[in-house]
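Read off the chains here:
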Amino acid sequence: MRPVSAPVSVLSKRSLGLLLVLGLSLAACGDEEAACAVGSEMQLTELFFGRNRQNAAPVSETEWQGFVDTSVTPRFQDGLTMFDADGQYRMSDGTLVREESKVLILLHDGSTARSRDIDTIRDEYKRQFSQESVLRMDSPACVSF
C-alpha cells in the first residue's frame, strides 16, 4: 500500500511550481500591460455607510439624502452611484451589528486632494450620525463613458 502523503507532496510541489511560474510571468509584464484596453484609468472608491445608531432611530432616507446633498455632491459634482445594502459589522466592543446600509461608489483621479475629500465625507458621516466607522475600499478601474 502506498502512503497517501506522497501524491499530496508531489501535487503540492507541482502547484507551487505552477504558481511560481505564473507569478514570474505576471511580474515580467510591463506597464503597457497594465494600461486600460478600453477607456481611461481612474480610481474607484466604494464607501459603506451603516445606518443604525445607538440610542436613536436608524438614519432615515431623508437624512441620508440630505447628507449626500451637503457633504458628497459638492465634492463629487460629476456624479456618483449609491444603492441600498444589508451589512454586518463587529463593533470595537465585540458586538455584532446587522444593519441596513448605503453603498456609495465614486470615480476619481486618485489624487491626494480627492482622497482627502473622501476621508472628510467619512468623518462627517461618523460625526453627524454617531458611527464608529465607514468602510472605504479603493481599486484601480478602466472607465469609459
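Owing to the predicted nature of the structure, the values given are computational and were not obtained by experimental measurement.

Caption draft 1: Up close: helix α4 (residues 112–129). With 18 residues, α4 extends 26 Å between its outermost C-alpha atoms, agreeing within 8% with the 26 Å of an ideal straight helix rising 1.5 Å per residue. Buried residues belonging to α4 abut β1 (40–50), α3 (61–72), β3 (96–108) and β4 (135–143). Just beyond α4, the residue with positive phi is serine 130, at close to 50°.

Caption draft 2: Examining α3 more closely. Listed in full, the buried residues belonging to α3 are Trp64, Phe67, Val68, Ser71 and Val72. An end-on view of α3 places all buried positions within 105° of arc, on one side of the element. Within α3, the exposed residues directed more than 90 degrees away from the buried face are Thr62 and Thr70. The inward-facing, buried residues of α3 contact β1, β2 (81–90), β3 and α4.

Calculation criteria
- Residues numbered from 1 in each chain as written.
- Predicted model: local features only at pLDDT ≥ 70, side-chain atom pairs only at ≥ 80, totals over all residues.
- Heavy atoms only, no water.
- Helix = DSSP H or I, 4+ residues; strand = E, 2+ residues; numbered from the N terminus.
- Expected span 1.5 Å × (residues − 1).
- Contact = heavy atoms within 4.5 Å.
- Buried < 20%, exposed > 50% of the residue type's maximum accessible area, 1.4 Å probe, protein only.
- Arc of directions from axis to C-beta.

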